[in-house]
Amino acid sequence: MEGITDRSFRHLIVECIAPGSVAMTTTEFVRVSQTPTPLAELVKVLGDKPANTKTGIQLMGNDVDILVESARRAAEAGADFIDYNFGCPAPRVFKHGAGSALLARPNLIADIIAASKAAVDVPVSAKIRSGIEHDSNIEDMCKQIEDAGADLIIIHGRLKTDRYTDPADWSRITRAVNAVNIPVHGNGDAVDSATIQKMIDETGCAGVMIGRGALNNPWIFDEWANNTPRRSPSDFFKWLQLYAQRMADGDATPTQVLGKLKQAAKAMGPAGNIPFEHSLLRGNDFFGELKHLLSKDLA
Ligand SMILES: Cc1cc2nc3c(=O)[nH]c(=O)nc-3n(C[C@H](O)[C@H](O)[C@H](O)COP(=O)(O)O)c2cc1C
């Protein structure tokens, strides 16, 4: 997720849970437009890969040759797989014919996948939304992606026109699963171990992609895979401290670190995992405020 799943975040998620609880993680999207992405940028985005999981680089663009060269470099950078973003609904992305705009051009999606498969030895996946304004093309779209040689489809149960507050329609995931023989991972509103399991049971998907749920609760994968109990607020506190340290050890500025901590607090707080008051978002003393709110728990 753009602005969230940076290398510190991905690393920490995997490190803090039992080995093997996350099968794969993906970078934030890398926007590819006029020229292929420089290798150095891809190396930086990927970071050092955590053990016991596959790490992919996600690319987003619409020019076959430029994307394929970027994919080749992403594989050279060490990506375990290449994921293409055909789902981003952001107006500025859509206007430039990238992300979910490609859902209207399935032949172009197929060309990108086929050319990438010919150019790289690592698996290639396609992350799609269920359509732009309607979902009637799900089966055809998924078949075309499969025929082009994709190794995996990740389908988000929302349309481009849906808002994040609209519920994801999992029957669309079921339709994708039934349309193809390659693995399909479902995505959208799997927010805890119960909803992860429900998505698997209802749709038959081969895997579940977790987005916002991982920011609400970094142990979500562990809770599903190993049935571990919900961590305490002080565990979340320590996780945030470690996350801040990792970001600072990387190249994040203090302002960026503070911004990401506040973003995490906005997700973890309402999910009931840390106490939340607006003071957490206002000042510069994030940990002082949180410690104060947690004073009973940390005593
Ligand atoms: C802040 C934010 C950034 C996102 N960035 C990306 C991205 O870079 N690539 C991508 O494929 N999806 C991105 N998404 C979409 C998520 O991957 C996911 O499809 C969506 O949030 C629904 O899943 P969830 O209910 O598990 O969050 C983003 C979503 C949010 C909220």
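Residues numbered from 1 in each chain as written. Predicted model: local features only at pLDDT ≥ 70, side-chain atom pairs only at ≥ 80, totals over all residues.

A word on the overall build of the protein chain
Line of reasoning, step 1. Each helix and strand in the protein chain was counted, giving 15 helices and 7 strands.
Line of reasoning, step 2. On C-alpha atoms alone, the protein chain measures out to a radius of gyration of 19 Å, which is about the 19 Å that the 2.2 N^0.38 rule sets for 299 residues.
Line of reasoning, step 3. Viewed in the frame of its principal axes, the protein chain has a C-alpha envelope of about 60 × 40 × 35 Å.
Line of reasoning, step 4. Per-residue burial over the protein chain gives 44% buried out of 299 residues.
Line of reasoning, step 5. Restricting the contact set of the protein chain to residue pairs at least 6 apart, pairs at least 24 apart contribute 68%. (Helix = DSSP H or I, 4+ residues; strand = E, 2+ residues; numbered from the N terminus. Rg over C-alpha atoms; globule rule 2.2 N^0.38 Å. Buried ≥ 20, exposed ≤ 12 C-beta atoms within 10 Å, placed from the backbone. Contact = placed C-beta atoms within 7 Å.)

A short note on the site of the ligand
Line of reasoning, step 1. Around the ligand, the surrounding shell holds 19 residues, and the nearest of these are Met 1, Glu 2, Phe 29, Gly 211 and Arg 212.
Line of reasoning, step 2. Those elements giving two or more residues to the shell around the ligand turn out to be β1 (24-31) and α9 (212-216).
Line of reasoning, step 3. Grouping the amino acids of the shell around the ligand by side-chain chemistry returns 5 nonpolar, 9 polar and 5 charged. (Near = placed C-beta within 6 Å. Nonpolar A, V, L, I, M, F, W, Y, C, P; charged D, E, K, R; others polar.)

Side note on the environment of Lys 117
Line of reasoning, step 1. Mapped onto the elements of the fold, Lys 117 is located in helix α5 (residues 106-119).
Line of reasoning, step 2. By C-beta crowding, Lys 117 is classed as partly exposed, having 19 other C-beta atoms within 10 Å.
Line of reasoning, step 3. If near-sequence neighbours (up to four positions away) are discounted, Lys 117 is found in contact with Val 124 and Gly 149.

Observations regarding the nonpolar core
Line of reasoning, step 1. By size, the foremost hydrophobic cluster in this structure holds 78 residues, and its most contacted members are Leu 59, Ile 82, Ile 113, Ala 126, Ile 145 and Ile 153.
Line of reasoning, step 2. When residues of this core are assigned to their parent elements, the largest contribution, 7 residues, is made by helix α11 (residues 233-249).
Line of reasoning, step 3. For this core, the two domains that each supply at least three residues are domain 1 (7-226) and domain 2 (233-298).
Line of reasoning, step 4. Residues in contact with Leu 59, not counting those within four places in the same chain, are Val 30, Val 32, Leu 67, Ser 70, Ala 71, Ala 74, Ile 82, Tyr 84 and Asn 85. (Core = buried A, V, L, I, M, F, W, Y, C linked by C-beta atoms within 7 Å. Domains from an automatic or database assignment.)

Some thoughts on the pairing of strand β3 (residues 81-86)
Line of reasoning, step 1. Counting buried residues in β3 gives 6 out of 6 residues, a clear majority hidden from the surface.
Line of reasoning, step 2. Side chains Phe 81, Asp 83 and Asn 85 project from β3 onto one buried face, and the interleaved Ile 82, Tyr 84 and Phe 86 project onto a second face that is buried too.
Line of reasoning, step 3. Bridge count for strand β2 (residues 54-60) against β3 is 4 bridges, and the pairing is parallel. Paired with Gly 56 across the bridge in β3 is Phe 81.
Line of reasoning, step 4. Following the chain from β2 across helix α3 (residues 64-77) to the adjacent parallel β3, one finds a crossover that is right-handed.
Line of reasoning, step 5. In this structure, β3 lies alongside strand β4 (residues 124-129), joined through 5 bridges in parallel fashion. The residue bridging Tyr 84 from the neighbouring strand is Ala 126, located in β4. (Pairing = 2+ DSSP bridges. Right-handed = clockwise from strand over helix to strand, strands pointing away.)

Focus on the sheet that holds β4
Line of reasoning, step 1. On the basis of which strands lie adjacent, the open sheet formed by 7 strands has the order β1-β2-β3-β4-β5-β6-β7 and parallel pairing. Both outer strands of the open sheet, β1 and β7 (207-209), are each paired with one neighbouring strand and no more. Pairwise comparison of adjacent strand axes, ignoring direction, gives a mean angle of 25 degrees for this sheet.
Line of reasoning, step 2. Sheet topology note: the β1/β2 ladder contains 6 bridges and is parallel. Each residue of the ladder has a partner; that of Thr 26, found in β2, is Gly 56. (Axes fitted to C-alpha atoms, helices over the stretch in contact; angles between N-to-C directions.)

Brief notes about the domain arrangement of the protein chain
Line of reasoning, step 1. Per the domain assignment, the segments of the protein chain are domain 1 (7-226) and domain 2 (233-298).
Line of reasoning, step 2. Here domain 1 and domain 2 have C-alpha centroids that lie 28 Å from each other.
Line of reasoning, step 3. Contact residues are listed per partner, giving 11 residues for domain 1 and 11 residues for domain 2.
Line of reasoning, step 4. Going through the elements one at a time, α1 (7-15) and α9 are the ones with two or more residues in the side of domain 1 that touches domain 2.
Line of reasoning, step 5. Examining the composition of the side of domain 1 that touches domain 2, we find that 5 residues originate from one element, α1, more than from any other.
Line of reasoning, step 6. Tallied by class, residues from the side of domain 1 that touches domain 2 come to 5 nonpolar, 4 polar and 2 charged.

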